[in-house]
Amino acid sequence: MRFRSSSAEGTEQIGQRIGRCLNPGDIVCLYGDLGTGKTTLVRGIASTFGIPGRDITSASFTVIAEYPVDPFFYHIDLYRIRNRDDLDSTGIWDLIGGASVSVIEWAENLGELSGQRQGIISIWLSDCGEGVREITMEGIHADTWNNL
Ligand SMILES: Nc1ncnc2c1ncn2[C@@H]1O[C@H](COP(=O)(O)OP(=O)(O)OP(=O)(O)O)[C@@H](O)[C@H]1O
Ligand SMILES: [Mg+2]
């Protein structure tokens, strides 16, 4: 599925709709250059789990932000993760999947999600100029999306 959003608010709204499609255990992988709207999208997703938008930030020193809502929600930013050792030392493998919902910025730094296929939602964001972002998603069924 592919959408265009012409404002940060529009991107948050798409995020809310994504949030309503998620189930415990889901891992949302976000891909896109600096400033394409990943954190903005996370804000929308998080709001469907009762997390206020202002709580979702992109503090450069925070790799994993944990929100003890039900299900547990993790906002993960792998921008500064350079290799497998860095990644492993974050403790990420004990948190994602299971019963929690995770949303991961710079998911390219995750490497392979060993054999996992189910519960992975991949989202690509790109800047089309003039405040327009293109958002492409895989892993959400059109039926689920349309029946919200
Ligand atoms: N259509 C749009 N969707 C999302 N953000 C937009 C849009 N148009 C303009 N913006 C602006 O672009 C910026 C996106 O910032 P955001 O932090 O969400 O990006 P990011 O991809 O998380 O960046 P980073 O790679 O630094 O983590 C915000 O300042 C937002 O207001
Ligand atoms: Mg960000």
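Look up a bit, the structure's there.
Bear in mind the structure is a predicted one, so any value in this text is a computation, not a measurement.

K.L.:
How would you explain the pattern of salt bridges if you had to name every residue and give the values?
P.N.:
Summed over the entire model, instances satisfying the criterion amount to three salt bridges. A salt bridge links Arg 4 to Glu 134, with the shortest nitrogen-to-oxygen separation between them at 3.8 Å. Of this pair, Arg 4 sits in strand β1 (residues 2–5) while Glu 134 sits in strand β7 (residues 132–138), and the two are 130 residues apart along the sequence. Residue Asp 88 is joined to Arg 84 by a salt bridge in which the shortest nitrogen-to-oxygen separation is 3.0 Å. With Asp 88 and Arg 84 both in helix α3 (residues 84–89), this residue pair falls four residues apart, about one helical turn.

K.L.:
Describe the nonpolar core, and please don't skip the residues or the numbers.
P.N.:
Ile 18, Leu 22, Leu 41, Ile 45, Phe 73, Ile 123 and Met 137 are the most contacted members of the largest nonpolar core, which totals 25 residues. Of all the secondary structure elements, the ones that give two or more residues to this core are α1 (8–21), β2 (27–31), α2 (38–47), β3 (64–67), β5 (101–105), β6 (120–129) and β7. When sequence neighbours within four positions are dropped, the list of residues in contact with Leu 22 reads Val 28, Ile 45, Phe 49, Val 101 and Ile 121. Counting 15 residues, the second-largest nonpolar core is a separate cluster that includes Ile 27, Tyr 74, Leu 78 and Leu 113.

K.L.:
Which residues make up unusual backbone geometry, and what are the values?
P.N.:
The residue after Asp 70, namely Pro 71, is reached through a cis peptide bond having omega 0°. Mapped onto the elements of the fold, Pro 71 is located in the loop between β3 and β4 (73–77). One non-glycine residue, Trp 106, adopts positive backbone phi at about 55°. Mapped onto the elements of the fold, Trp 106 is located in the loop between β5 and β6. For Glu 130, which is not a glycine, the phi torsion comes out positive at approximately 50°.

K.L.:
How would you explain the coordination of the magnesium ion (ligand 2) if you had to name every residue and give the values?
P.N.:
Binding of the magnesium ion (ligand 2) to the protein goes through Thr 39 (OG1) and Glu 105 (OE), at separations of 2.1 to 2.2 Å. Of this pair, Thr 39 sits in helix α2 while Glu 105 sits in strand β5, placing them 66 residues apart in sequence. The same class applies to Thr 39 as to Glu 105, namely buried.

K.L.:
Let's hear about the site of ligand 1: which residues, and what values?
P.N.:
Close to ligand 1 lie 17 residues; Thr 11, Lys 38, Thr 39, Thr 40 and Gly 131 are nearest. In the environment of ligand 1, an oxygen atom lies 2.8 Å from a nitrogen or oxygen atom belonging to the backbone of Thr 39. A distance of 3.2 Å separates an oxygen atom of ligand 1 from a polar side-chain atom of Glu 105. Protein chains shield 71% of the accessible area of ligand 1, which is 650 Å² for the free molecule. Those elements that place two or more of their residues in the shell around ligand 1 are α1 and α2. For the shell around ligand 1, the element with the highest residue contribution is α2, accounting for three residues. Residues of the shell around ligand 1, tallied by class, amount to three nonpolar, 10 polar and four charged.

About the cut-offs
Residues numbered from 1 in each chain as written. Chains lettered and ligands numbered in written order. Predicted model: local features only at pLDDT ≥ 70, side-chain atom pairs only at ≥ 80, totals over all residues. Heavy atoms only, no water. Salt bridge = Lys/Arg side-chain N within 4 Å of Asp/Glu carboxyl O. Helix = DSSP H or I, 4+ residues; strand = E, 2+ residues; numbered from the N terminus. Core = buried A, V, L, I, M, F, W, Y, C linked by side-chain atoms within 4.5 Å. Buried < 20%, exposed > 50% of the residue type's maximum accessible area, 1.4 Å probe, protein only. Contact = heavy atoms within 4.5 Å. Donors = N, O, S within 2.8 Å, 3.2 Å for Na, K, Ca; no water. Near = heavy atom within 4 Å. Polar contact = N/O pair within 3.5 Å; in protein donor to acceptor, adjacent residues only side chain to side chain. Areas by Shrake-Rupley, 256 points an atom, 1.4 Å probe, with all protein chains shown as cover. Nonpolar A, V, L, I, M, F, W, Y, C, P; charged D, E, K, R; others polar.

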